[in-house]
There are 2 protein chains.
Amino acid sequence: MDIGFLVYPRLTPLDLVGPWEVLSRVSDASVHLVWTRPGPVQAEREIEIRATTSFADAPPLDMLLVPGGSGQLSLMRHAIVMDYIRGCARTSDWVCSVCTGALLLAQAGVLRGRRSTTHWLARETLAGFSVRVSNDRYVIDGKFATSAGVTAGIDLALELVRRTRGDEAAQQIQLQIEYDPRPPFDAGSPEKAPSEVVARARARARRFR
Amino acid sequence: MDIGFLVYPRLTPLDLVGPWEVLSRVSDASVHLVWTRPGPVQAEREIEIRATTSFADAPPLDMLLVPGGSGQLSLMRHAIVMDYIRGCARTSDWVCSVCTGALLLAQAGVLRGRRSTTHWLARETLAGFSVRVSNDRYVIDGKFATSAGVTAGIDLALELVRRTRGDEAAQQIQLQIEYDPRPPFDAGSPEKAPSEVVARARARARRFR
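Here is what the cut-offs are and how they apply
Residues numbered from 1 in each chain as written. Chains lettered and ligands numbered in written order. Predicted model: local features only at pLDDT ≥ 70, side-chain atom pairs only at ≥ 80, totals over all residues. Heavy atoms only, no water. Disulfide = S-S within 2.5 Å. Buried < 20%, exposed > 50% of the residue type's maximum accessible area, 1.4 Å probe, protein only. Contact = heavy atoms within 4.5 Å. Buried area = accessible area lost by both parts, 1.4 Å probe. Salt bridge = Lys/Arg side-chain N within 4 Å of Asp/Glu carboxyl O. Polar contact = N/O pair within 3.5 Å; in protein donor to acceptor, adjacent residues only side chain to side chain. Least-squares fit on C-alpha atoms with pLDDT ≥ 70 in both. Core = buried A, V, L, I, M, F, W, Y, C linked by side-chain atoms within 4.5 Å. Pairing = 2+ DSSP bridges. Helix = DSSP H or I, 4+ residues; strand = E, 2+ residues; numbered from the N terminus. Axes fitted to C-alpha atoms, helices over the stretch in contact; angles between N-to-C directions. Phe/Tyr/Trp six-rings, centres within 6.5 Å; stacked < 30°, edge-to-face > 60°.

Undergrad: An account of the state of the cysteines is requested, with residue identities and associated values reported.
TA: Residues and elements named next belong to chain A. Inspection of every chain in the model, using the stated rule, returns zero disulfides over all chains. With no disulfide of its own, Cys88 has Cys96 as its nearest cysteine by sulfur position, at a separation of 10 Å. Residue classification places Cys88 among the buried positions, given a relative accessible area of 5%.

Undergrad: Can you explain the interface of chain A and chain B? Please cite residues and give values.
TA: Accessible area lost upon the coming together of the parts is a frequently used measure of interface size. Each side of the interface is counted separately: chain A has 66 residues, and chain B has 66 residues. Of the roughly 6,000 Å² buried between chain A and chain B, counting both surfaces, carbon and sulfur atoms make up 59%. Looking at the side of chain A facing chain B, the largest losses of area belong to Leu175, Glu178 and Phe185 of chain A, adding up to 13% of the total buried there. At the junction of chain A and chain B, the tally comes to ten salt bridges. A salt bridge links Glu178 of chain A to Arg123 of chain B; the nearest nitrogen and oxygen atoms lie 3.8 Å apart. In this structure, the connection of chain A to chain B is made through 36 residue pairs in polar contact (both at pLDDT 80 or more).

Undergrad: Lay out the relation of the copies chain A and chain B in plain terms, naming residues and giving numbers.
TA: The transformation that overlays chain A on chain B combines an axial shift of 0.0 Å with a rotation of 180°, and the residual RMSD is 0.0 Å. Taken together, the rotation and translation relating the two chain copies correspond to the operation of a two-fold axis. Taking the C-alpha atom as reference, chain A places Ile49 of chain A closest to the rotation axis, 2.7 Å from it. Taken together, the interface assignments show that 100% of the residues at the interface of chain A recur at the interface of chain B, consistent with an identical surface on both copies.

Undergrad: Any chance you could break down the nonpolar core for me, citing the residues and the numbers?
TA: Counting residues in hydrophobic clusters, the biggest one holds 153 residues, and the most contacted among them are Trp35 of chain A together with Trp35 of chain B. Apart from the residues within four sequence positions on either side, Trp35 of chain A is in contact with Leu6, Val7, Tyr8, Pro9, Val41, Ala51, Thr53, Ser54, Phe55, Leu75, His78 and Val81 of chain A.

Undergrad: Explain the sheet that holds strand S7 (residues 94-97) of chain A residue by residue, including any values.
TA: All names here are of chain A. Taken together, seven strands build an open sheet; the order of strands is S5-S2-S1-S6-S7-S11-S10 and the sheet is mixed. With one partner strand each, in any of the chains shown, strand S5 (53-54) and strand S10 (138-141) form the two edges of the open sheet. Of the pairings in the sheet, the one linking strand S6 (residues 63-66) to S7 comprises four bridges and is parallel in character. Each bridged residue has a counterpart across the sheet, and for Val66 the counterpart in S7 is Ser97.

Undergrad: So what's going on with the sheet that holds strand S10 (residues 138-141) of chain B? Residues and values would help.
TA: Residue and element names in this part refer to chain B. A sheet is described by the order of its strands in space; here seven strands give the open sequence S5-S2-S1-S6-S7-S11-S10, paired in mixed fashion. One side of each edge strand has no neighbouring strand; the edge strands of this open sheet are strand S5 (53-54) and S10. Relative to strand S11 (residues 144-147), S10 runs antiparallel, the two sharing four bridges. Directly across from Asp141, in S11, lies its bridge partner Phe144. Running over the sheet, helix H2 (residues 79-91) touches strand S1 (2-6), strand S2 (30-35), strand S6 (63-66), strand S7 (94-97) and S11 and is turned about 140° from S6.

Undergrad: Which residues make up the packing of aromatic side chains, and what are the values?
TA: What the rule picks out here adds up to four aromatic pairs over all chains. Seen in terms of ring centroids, Trp35 of chain B and Phe55 of chain B are 6.2 Å apart; in terms of plane orientation they differ by 70°. Their pairing is edge-to-face. One end of the pair, Trp35 of chain B, is in strand S2; the other, Phe55 of chain B, is in the loop between S5 and S6, with 20 residues separating them in the sequence. As far as the burial class goes, Trp35 of chain B and Phe55 of chain B line up, both buried. For the pair Phe55 of chain B and Tyr84 of chain B, a centre-to-centre distance of 4.6 Å together with 45° between the ring planes defines the contact as tilted. Here Phe55 of chain B is found in the loop between S5 and S6, whereas its partner Tyr84 of chain B is found in helix H2, with 29 residues between them in sequence. Residue Phe55 of chain B is classed as buried on the basis of its relative accessible area, which comes to 11%. A relative accessible area of 14% means that Tyr84 of chain B is categorised as buried. Each member of the aromatic cluster is reached from another via a ring pair, and the members are Trp35, Phe55 and Tyr84 of chain A.

Here's what the structure looks like:
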């Protein structure tokens, strides 16, 4: 199973590394970190991740996964990226996104009319692309699998292992990465977080836009 | 707040990137990825992460975080790493580990007599260092904060934000990374996973040892 992760400048590292840690543990997975060229790519803040191959040299993918991040905006008109996503949507079994990566899939036109999700702060924007936006943690509609913000990519990746390799493979990996979450607060969604925390997050997002 | 993450060959990427994604969002955090020299370091499988500074050039840290990974074993007799950990244990406010990173702290001698935890498959080994091993998701004993395997680092990092910057700062970051976990199975600990999945994980770990 050839799995490609789109790597690009200012991606959110956990959007990529969360699902990568799950999917790269599938016994027959061959993982590719794909960008315009192999070599280092500066993600958000201090993290630099190395692309292992180029769009031209990557093998045909069984699964493409597109992470989100502040760099997503400047990719929206990147013709090579858009063509690559459209190509995968034609030939791959799975086309997936984490967080605002869904906006790249939407901009490429492949989510039109589909049920999908994204980071809670980007749901309205995603709806503007004729996408049926859901508040679920992850959504699977045909070959398109999208997750909510950042950490939701871990949940989606386990679901993808379940669907492609079965329950036991997914449970095995969940146990290896000891994914038995117990955050000190229950503030991980706008429905659950204190209202002043949500308001401040919205204000912060407006400032960055 | 100067926060340093130990970067080393064959670390488990999510051990580092999970807590990094939380702690690097603290508004006054200055984050350093520390190794013997700045430059690329080959983590497990395809991921390469760039160290931003050397032990010699890193500023005095307020917090050190040591991730786990298969490369941890070959660091156990690495005098510079051991000295660095001991130095931080003297001068930093917090000395933390994720997963088998606790074995590096234990080997450096700083966890002796302390309550600590590690990846469930490494608990027996950790107990051999005169450490009081706990099955908790994360444990804080004085300035020493240790977490269970891989994804537990995210929970610990949120707790560290809570303790150093308050409830609202931790909730704000939890909401930003939409950490409202919903894995498709409840198989993330040896107490919860089906017994045959646990047995297979134990067998697999023996084979790698």
